[in-house]
Amino acid sequence: MTDVQLTVVDHPIARARLTRMRDERTDNAAFRAALRDLTELLVFEATRELAVEEYEITTPVTTTTGYRLAAPPLIVPVLRAGLGMADTAHSLLPESQMGFVGLARNETTFEPEAYMASLPESLVDREVFVLDPMLATGGSLVHCCTLLTERGCTSITVLCALAAPEGITRLEQSGLPLRVFTGSIDSELNADAYIVPGLGDAGDRQFGAV
Ligand SMILES: O=P(O)(O)OC[C@H]1O[C@H](OP(=O)(O)OP(=O)(O)O)[C@H](O)[C@@H]1O
Ligand SMILES: O=c1cc[nH]c(=O)[nH]1
Ligand SMILES: [Mg+2]
């Protein structure tokens, strides 16, 4: 059992975008737009403490000190639903490399089934930002983050739109080195392991049902 560092990003704009995502009347395009805006706020908070390095630049007037991220994190969206966060995170972190993990939760067992992983072989001394809008049972994120620690990663930041208390407990029990930034901690999971009140299936809400 470890302490998962948990931050709820409850900025008014985050709450408004999350409300749009929760509303069943929101169509696929509007859902994707709201997720992009929410991702911006999540990345903003999660990068607050990243190390910067100084370098000299010349403005039209004089020379001065400039700043850049010392070590841009590897961005890892969890397919499908995390894809909707990837472009926004990459725009804010343009020097970052991106890896991909594909998981589909088995809706009978609720266990993740892996269908792809494209990651650098070594993640020693690399900070990784994992993008997945939904932390429900936590099975998918434990699977993804274990792939990362198996490659030597010791610093993982998870960005999600919604988290269930059950998923947070599962992450804590996993012992993985994690920080989690979420737009909300919802009430519970229902009998189908969906987050309540939630927003439904984040993959289907963006891309259509499979
Ligand atoms: O915490 P868990 O109980 O594991 O559930 C969360 C997972 O479920 C969703 O993906 P899903 O399996 O529906 O795949 P999709 O993104 O292709 O829709 C979501 O994007 C997470 O990856
Ligand atoms: O509520 C949930 C749970 C798992 N996956 C989703 O997309 N939504
Ligand atoms: Mg889905």
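Under an unreviewed UniProt entry, the name given to the chain is Uracil phosphoribosyltransferase, and the organism recorded is Klenkia marina. The Cofactor (unreviewed entry) field of the UniProt record for the chain holds the comment "Mg(2+)". For the chain, the Sequence similarities (unreviewed entry) comment in UniProt is given as "Belongs to the UPRTase family."

**Quick notes on the overall build of the chain**
Summing up its helical and strand segments, the chain has 6 helices and 13 strands in all. Its C-alpha radius of gyration of 17 Å places the chain within 12% of the 17 Å reference for a compact globule of 210 residues. Judged by the C-alpha coordinates and their principal axes, the chain covers about 65 × 40 × 30 Å. Counting only residues that meet the buried cut, the chain has 36% of its 210 residues in that class. Long-range pairs, those at least 24 residues apart, make up 63% of the contacts in the chain with a sequence separation of at least 6.

**Comments concerning the site of ligand 1**
Lining the immediate environment of ligand 1, one finds 22 residues, of which Ala 81, Arg 105, Thr 137, Ser 140 and Gly 203 sit closest. The set of elements that each furnish at least two residues to the shell around ligand 1 consists of β5 (100-105), β8 (134-135), α4 (139-150) and α6 (202-207).

**Observations concerning helix α2 (residues 28-46)**
An ideal rise of 1.5 Å per residue puts 27 Å on 19 residues; α2 measures up with 26 Å between its terminal C-alpha atoms. Among the residues making up α2, those that are buried are Phe 31, Ala 34, Leu 35, Leu 38, Thr 39, Leu 41, Leu 42, Val 43 and Ala 46. Each element contacted by the buried residues of α2 is listed here: α1 (12-22), α3 (83-92), β7 (127-131), β9 (155-160), β11 (178-182) and α6.

Conventions adopted
Residues numbered from 1 in each chain as written. Chains lettered and ligands numbered in written order. Predicted model: local features only at pLDDT ≥ 70, side-chain atom pairs only at ≥ 80, totals over all residues. UniProt positions renumbered as here; feature names shortened; annotations may be inferred. Helix = DSSP H or I, 4+ residues; strand = E, 2+ residues; numbered from the N terminus. Rg over C-alpha atoms; globule rule 2.2 N^0.38 Å. Buried ≥ 20, exposed ≤ 12 C-beta atoms within 10 Å, placed from the backbone. Contact = placed C-beta atoms within 7 Å. Near = placed C-beta within 6 Å. Expected span 1.5 Å × (residues − 1).

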